[in-house]
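Letter by letter, the chains look like this.
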Amino acid sequence: AINCEVLPGDLFARRLNVEALRHMKNSKSVFTQGARVTKDPVCGKRINRGKAHAAVEYNHFLYFLCCPVCQAQFEKEPRRYAKPDIGVRVKQGVQ
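Residues numbered from 1 in each chain as written. Predicted model: local features only at pLDDT ≥ 70, side-chain atom pairs only at ≥ 80, totals over all residues. Heavy atoms only, no water.

> Mind laying out the confidence of the model for the chain, listing which residues take part and the relevant values?
Of all residues in the chain, 59% attain a pLDDT of 70 or more, and the chain-wide mean is 75. Here helix H2 (residues 29–32) is the element of the chain with the lowest mean pLDDT, 46, and helix H4 (residues 78–81) is the one with the highest, 94. Predicted confidence is poor over residues 7–15, with pLDDT under 50, and the contacts of this stretch with residues over four places away or in other chains come to nine contacts. Contacts of residues 28–33 to residues separated by more than four positions or lying in other chains number 13 contacts, the stretch itself having pLDDT below 50. (pLDDT = per-residue confidence, 0-100. Helix = DSSP H or I, 4+ residues; strand = E, 2+ residues; numbered from the N terminus. Contact = heavy atoms within 4.5 Å.)

Okay, here's the thing in structure tokens:
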């Protein structure tokens, strides 16, 4: 079981989060496509896309993660956690 918690001082996670937020602001479809509440693919927690700790793109889908622990686990084993029915398709050509 994943123990979700916010770990202070995780600069790498914060940097990724800033990059993800820039991407999300430039791609309005991320917020308008489907429900704003989604599921963290690692722990299963329901989270609001706009309040997610990070958003990670994998195979043209964006996955929203609730905390640094889930982000690290997802990045370690993306094939295990990436499920298209949980992710949001990223339109090609959007920067």
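> I'd love a proper account of the pattern of salt bridges, names of residues and values included.
By the definition in use, this model includes one salt bridge. Here glutamate 77 and arginine 80 are joined by a salt bridge, their closest N and O atoms 3.4 Å apart. By relative accessible area, glutamate 77 is classed as partly exposed at 29%. (Salt bridge = Lys/Arg side-chain N within 4 Å of Asp/Glu carboxyl O. Buried < 20%, exposed > 50% of the residue type's maximum accessible area, 1.4 Å probe, protein only.)

> Can you tell me about the sheet that holds strand S3 (residues 54–58), naming the residues and giving the values?
A sheet is described by the order of its strands in space; here three strands give the open sequence S3-S4-S5, paired in antiparallel fashion. The strands lining the two open edges of the sheet, one partner per strand, are S3 and strand S5 (88–89). Its contacts with the sheet place helix H3 (residues 68–76) against S3 and strand S4 (61–65), and it is angled at close to 10° to S3. (Pairing = 2+ DSSP bridges. Axes fitted to C-alpha atoms, helices over the stretch in contact; angles between N-to-C directions.)

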